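Fold and contact review
Next come the chains, spelled out residue by residue.
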Amino acid sequence: MKKFYPAIPLLILVLLVGSWGVHHFAQRRLEAGIADFRASLGPDATFSYATARPRTLARGAHFTAVTYHNPTMTLIAADVRLGGLTGNNVQGEKIGSLVLRDVKVMTQDSTISLDQVALGNLVMPNTARVTAETARPLGFDSLVLDTGIFTNLHLTIPASQIDMTIGRMAIGQYGVGRSSHLDLEKLATQINLTPSRRIAVEHLQIDGPDFASEVASLIQSGHLIHESHPQTMDLRKVEIASTHPMLQIDHVTTSRFSTETEDKMDTNVTNLTLWSTGTDNSSILNSFGYDHFTGNIHVNSTSDRSTSHVHLEPLTVQAPDMGNLSVVAELDQIPFDDMAIIPETARIVSAAMTWEDHSLAGNIVAGLAKSRNMEVGAYRQNLLTMLATSDDASMRAMGRFLQSPQDHPLQIALRPMKPVNLMMLGVALSMAGDPSVAAPLGLTISTP
């Protein structure tokens, strides 16, 4: 045993020298990696930091006071930790773990700040070394990321006067061909243009979309691609307000199952409340005698992208204060690549509607009487007499409905000789008593 003691100082010396050697090797490897990274940035980009220490066992590094700058963006982080570095320029640089704290990203148009960004199993896009004439592309469409968690995100866009915060956002399985996941908590957006708007979402969860392919499609063509991945969305506690409440939703769920040409969607909206815009700016709710709408909506639809058709079976609206609506319809000329212009292009091929009234019919009659400066009772009696003596069966059915709305659900069928523009439906229904309008539309009204 005594012979062992003199060897202890020698062993400690070997460990110290070996540790120094490993650290020295790791430091040189880190410096070489930083130099290679800087060379890949191009002539107009810079990368600086206060300190850089290698993480030997994790094959990574720890940076403080990091700044990255190029002509379009500046990124600042108080602390950056990388671990699990593997790969190369050919296979793609792989980062097992990347954590940034106290982050700020500034562009000409916006500023983003975050408390923390934590990325797991990130694969950077394969890009050739840049030259003096080119810069490294951002490559958001070709990144691969297993997990990404963003904490306390704050976005400001001064030109649009938009201020947005997100308490926590998690992205999973991001990459072309992957079914991705998005989980977002406590979104709040303030739009300070006149009139101002406030938008709040308590929780949003989306499963299934290929987000990377969507980004690639937007970059390359400006349009979203059609996906065949099954998708679901769960949205809770949505609020939109201005100087007064405008919209509230307790819960929205959507599921979609797709093929190359067909989408089947099922959507439920629970406790939707819409307020009128106020007596100083009358809305359709005001004209019908309501200051708000509250109800549940269920939509079951099948879309055929090859023919631009949508089949609704059914669309139901349950509004306890107004009544219940059920619609089965077929629409064509649906612009799936630009849904914002649906009102301009969509047409009704056929439709069947059933209305179970609670109060809407009486409110409409009262509104019509007021617009004609007539007493409601007198106007209602004149209207019922006119409808009861009509030669048209649809008008007589309308009279039976108005006589006792709660006892006679109203059924409306529309089978036009040729499809009618969706925006013209209201005009067509208002002229239902004119045979020259009703006949080409195939418009019939009945009561059970």
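As the structure is a prediction and not an experimental result, all values here were calculated from the model.

Digging into the nonpolar core
Membership of the largest hydrophobic core comes to 83 residues, with the highest contact counts inside it found for F63, V80, L98, L402 and L414. By residue number, the principal contributor to this core is strand 5 (residues 92-107), which donates five residues. Discounting chain neighbours no more than four positions away, the residues touching V80 are A61, H62, F63, V66, L98, V99 and L100.

What about the pattern of salt bridges?
All chains considered together, the criterion is met by eight salt bridges. A salt bridge links D79 to R81; the nearest nitrogen and oxygen atoms lie 3.4 Å apart. Owing to a relative accessible area of 5%, D79 belongs among the buried residues under this scheme. A relative accessible area of 37% places R81 in the partly exposed class. The closest approach of N and O atoms between D146 and R178, which form a salt bridge, is 3.0 Å. Taken together, the positions of D146 in strand 7 (residues 144-157) and R178 in the loop between strand 8 (162-174) and strand 9 (181-191) put the pair 32 residues apart, joining distant regions of the chain. Through salt bridges with shared partners, a single ionic network connects D79, R81, R101 and D102.

Observations regarding the pairing of strand 14 (residues 292-304)
Bridge count between strand 13 (residues 262-275) and strand 14: 12 bridges; the pairing is antiparallel. The residue bridging D263 from the neighbouring strand is S303, located in strand 14. Of the pairings in the sheet, the one linking strand 14 to strand 15 (residues 309-319) comprises eight bridges and is antiparallel in character. In the strand pairing of strand 15, N296 is matched with Q318. The hairpin turn running from strand 14 into strand 15, its antiparallel successor, is four residues long, and S308 in that turn takes a positive phi close to 60°.

A closer look at the environment of S97
Looking at the element boundaries, S97 is found in strand 5. Distance in space between the C-alpha atoms of S97 and T147 is 9.6 Å, their sequence separation being 50 residues. Filtering out sequence-adjacent residues up to four positions away, S97 remains in contact with R81, L82, G83 and L119.

A word on the packing of aromatic side chains
Summed over all chains, the structure comprises three aromatic pairs. On the basis of an interplanar angle of 80° and a centroid distance of 5.9 Å, the ring pair of F47 and F63 is categorised as edge-to-face. Here the residue F47 occupies a position in strand 1 (residues 46-48), and F63 occupies one in strand 3 (residues 60-70), the gap between them amounting to 16 residues. Judged on exposure class, the residue F47 and its partner F63 are both buried. Taking 5.3 Å as the distance between ring centres and 75° as the angle between the ring planes, the aromatic pair formed by Y49 and F63 counts as edge-to-face. Here Y49, found in the loop between strand 1 and strand 2 (51-55), pairs with F63, found in strand 3; they are 14 residues apart in sequence, far enough to count as distant.

Definitions and limits used
Residues numbered from 1 in each chain as written. Predicted model: local features only at pLDDT ≥ 70, side-chain atom pairs only at ≥ 80, totals over all residues. Heavy atoms only, no water. Core = buried A, V, L, I, M, F, W, Y, C linked by side-chain atoms within 4.5 Å. Buried < 20%, exposed > 50% of the residue type's maximum accessible area, 1.4 Å probe, protein only. Helix = DSSP H or I, 4+ residues; strand = E, 2+ residues; numbered from the N terminus. Contact = heavy atoms within 4.5 Å. Salt bridge = Lys/Arg side-chain N within 4 Å of Asp/Glu carboxyl O. Pairing = 2+ DSSP bridges. Phe/Tyr/Trp six-rings, centres within 6.5 Å; stacked < 30°, edge-to-face > 60°.

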